[in-house]
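Structural overview
Each chain, letter by letter, is given below.
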Amino acid sequence: MIRFAGIDVGNDSVKVVVDGSQQPIIIPSIVSPGYDRHVLQEEDSPIKALDVRIYSPKLKKSNERYFVGLLAIEDQDNSELEETDNKATSDQSLVIALTALALAALTGKAYPSTDGGKEEVEYIIGTGLPVRTFVSFHKAFEERLVGEHEVTFLSTPELRGKTVRVIVRRAVVSVEGAAALFHLATNDNLQIRNEELHNGIIGVCEIGALTTDFPVVKRMNIDNQFSTGEQFGLATYLDSIIREVEDKYGYRFPSRAKLIQRIRNREFTIQRVGEGKADIRPIVDVYFGRAAQKLVDLIKKRWKKYPDIECFYVLGGGASALRTYMVESAGTMRLRFEENSELLNVHGYLKLAKNKAGQVQN
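In this report, we go over the structure that sits alongside the text. (Residues numbered from 1 in each chain as written. Predicted model: local features only at pLDDT ≥ 70, side-chain atom pairs only at ≥ 80, totals over all residues. Heavy atoms only, no water.)

**Some points on the overall build of the chain**
Basically, it comes down to this: Only runs of H or I of at least four residues qualify as helices and only runs of E of at least two qualify as strands under DSSP, and these elements are numbered from the N terminus. The size measure is the radius of gyration over C-alpha atoms, and the globule rule it meets is 2.2 Å times the number of residues to the 0.38 power. Think of it in three bands: with a 1.4 Å probe and only protein chains considered, a residue is buried below 20% of the maximum accessible area for its type, exposed above 50%, and partly exposed in between.
Each helix and strand in the chain was counted, giving ten helices and 19 strands. Computed over C-alpha atoms, the radius of gyration of the chain comes to 21 Å, within 12% of the 21 Å expected from 2.2 N^0.38 for 362 residues, which places it in the range of a compact globule. Dimensions of the chain, computed from the C-alpha atoms along their principal axes, are close to 60 × 60 × 30 Å. The burial tally for the chain puts 56% of its 362 residues in the buried class.

Rendered as structure tokens:
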């Protein structure tokens, strides 16, 4: 049976939601070279120890071992995506995406084993790219995803030794931000649930780790003339916070993902060497305040160029982090925010995949 899935290959995390399941799988976009681990106590869930070997004809180096996501966060040799990386052509993005799709296949519903003890899952997936890379790279991204891949879980608890053959039959690539708006405008059966969004002219500021997109959506169609994107995101400011905390307190966050975890949990107190502690909230406030002001200025610029825009939605993972700061910077200009906005794209991708395939399940 072919399953529909939405997959948001973000520069900060990869998110997957499978049709019929409202619970997304979220994996930080970070990897490190894998090796035989010295396990003193097994982790309590598979997602905390994604230790995989991946075979795919689409990877430059196939059959390599990786630590993925939470397992790689603390590793000194870990790697996060940088501004020069393109998720459409990045091996690192593909490694995490395939790991997420394989994990989704083994989560919840059981799949029949094929010869050799392998599990097999077939997908039609929806995904997306930033505005500025969509035109040039959406075909390449689609071609890298479609095909047969294999993911073997090694020391991962509960999944040790399991191999999943991930078969992607079709990949529907859309524009980041616009997919989120499609999700907000429609219900699970793809019927209109918000007439204003579905029929209006809506501006979107979709804040990612490395890119920020400003699609303009007119009656659910992308406006080619006024939609644009910027090659910067929250990562620039996170890197600055990491450097300043290290310079000031001697405390080094091993990755942006680790810092984001702290900020999301509102854990701003760090332990210094010895018994001293320090509050990094003032440093976070400075850099997030700068980011918010820059984004508000860009939104004003976009709105002035296209005054027919009826409202502006601020979405994406960065929207949650910067919401308070942006509301303050915006003053009397009203911006619309949504709860759990970092998950709107992935749900939109799932709906768009179902819509394109013409198979809406009632």
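**A word on the nonpolar core**
The test is simple: Definition used in this section: a nonpolar core is a set of buried Ala, Val, Leu, Ile, Met, Phe, Trp, Tyr and Cys residues joined via side-chain atoms within 4.5 Å. Contacts are assigned to residue pairs that have any heavy atoms within 4.5 Å of one another.
Counting 63 residues, the largest nonpolar core has Val68, Tyr123, Ile125, Phe153 and Leu181 as its most contacted members. In this structure Leu181 touches Leu197, Ile202, Val204, Val217, Met220 and Tyr313, once residues within four positions along its chain are discounted.

**Regarding the packing of aromatic side chains**
To be explicit about the condition: Within 6.5 Å between ring centres, the rings of Phe, Tyr and Trp (the latter by its six-membered ring) count as paired, and their orientation is classed by plane angle as stacked under 30 degrees, edge-to-face over 60, tilted in between. Two limits define a charge over a ring: the Lys NZ or Arg CZ must be within 6 Å of the ring centre, and within 35 degrees of the ring normal.
The tally for this structure, following the rule as stated, stands at five aromatic pairs. Between Tyr251 and Phe253, the ring centres sit 5.0 Å apart and the planes meet at 70°, which makes this aromatic pair edge-to-face. With a relative accessible area of 1%, Phe253 lands in the buried category. The ring of Tyr287 carries the charged tip of Arg290 above its face, separated from the ring centre by 4.9 Å.

**Examining the pattern of salt bridges**
Spelled out, the test is: The rule for a salt bridge is simple: a side-chain nitrogen of Lys or Arg has to be within 4 Å of a carboxyl oxygen of Asp or Glu.
Scanning the entire structure with this criterion turns up 23 salt bridges. The residue Arg160 makes a salt bridge to Glu42 at a minimum N-O spacing of 2.7 Å. Of this pair, Arg160 sits in the loop between strand E9 (147-153) and strand E10 (163-175) while Glu42 is found in the loop between strand E4 (30-33) and strand E5 (50-55), placing the two residues 118 residues apart along the sequence. One salt bridge in this structure joins Lys118 and Glu150, with 2.8 Å as the shortest N-O distance. Pair noted here: Lys118 is in the loop between helix H2 (91-106) and strand E8 (119-129) and Glu150 is in strand E9, with a separation of 32 residues, a long-range link. What you see here is one network of salt bridges that share partners, running through Asp8, Asp12, Lys15 and Arg264.

**Remarks on the sheet that holds strand E7 (residues 79-80)**
Rule in force here: Pairing between strands is defined by DSSP: at least two bridges between the two strands are required.
If you walk across this open sheet you meet the ten strands as E3-E2-E1-E8-E10-E9-E5-E6-E4-E7, and the pairing is mixed. Only two strands of the sheet have a single neighbouring strand rather than two, namely strand E3 (25-28) and E7. Pairing of strand E1 (residues 2-9) with E8 involves five bridges; the strand directions are parallel. Bridge pairing in E8 places Ile2 opposite Glu122.

**Describing the state of the cysteines**
For the record, the criterion: When the sulfur atoms of two cysteines come within 2.5 Å, that pair is taken as a disulfide.
Following the criterion strictly, the structure yields zero disulfides and no others. Lacking any disulfide linkage, Cys205 is separated from the closest cysteine sulfur, that of Cys311, by 13 Å.

**As for the side chain of Thr156**
Just so we agree on the cut-off: A 3.5 Å cut-off defines polar contacts: any pair of N or O atoms within that distance qualifies, except that in protein one atom must be a possible hydrogen donor and the other a possible acceptor, and neighbouring residues in sequence count only when both atoms are side-chain atoms.
Residue placement: Thr156 occurs in the loop between E9 and E10. Overall, Thr156 belongs to the buried group, its relative accessible area being 0%. Only 2.7 Å separates the side chain of Thr156 from the backbone oxygen of Ala49, close enough to count as a polar contact.

**Some remarks on the environment of Phe214**
Looking at the secondary structure, you find Phe214 in strand E12 (residues 212-214). Owing to a relative accessible area of 1%, Phe214 belongs among the buried residues under this scheme. The spacing of Phe214 and Ser90 is 124 residues in sequence and 23 Å in space, taken between C-alpha atoms. In this structure, Phe214 is in contact with Val204, Cys205, Phe226, Ser227, Thr228, Gly229, Glu230, Leu298, Ile299, Arg302 and Phe312, ignoring residues within four places of it in sequence.

**Section: unusual backbone geometry**
Even without a glycine there, the phi angle at Arg219 is positive, about 50°. Following the sequence through the fold, Arg219 ends up in the loop between strand E13 (216-218) and strand E14 (221-222). You will see that Arg266, though not glycine, has its phi angle at about 55°, which is positive. Here Arg266 shows up in the loop between helix H7 (256-264) and strand E16 (269-271).

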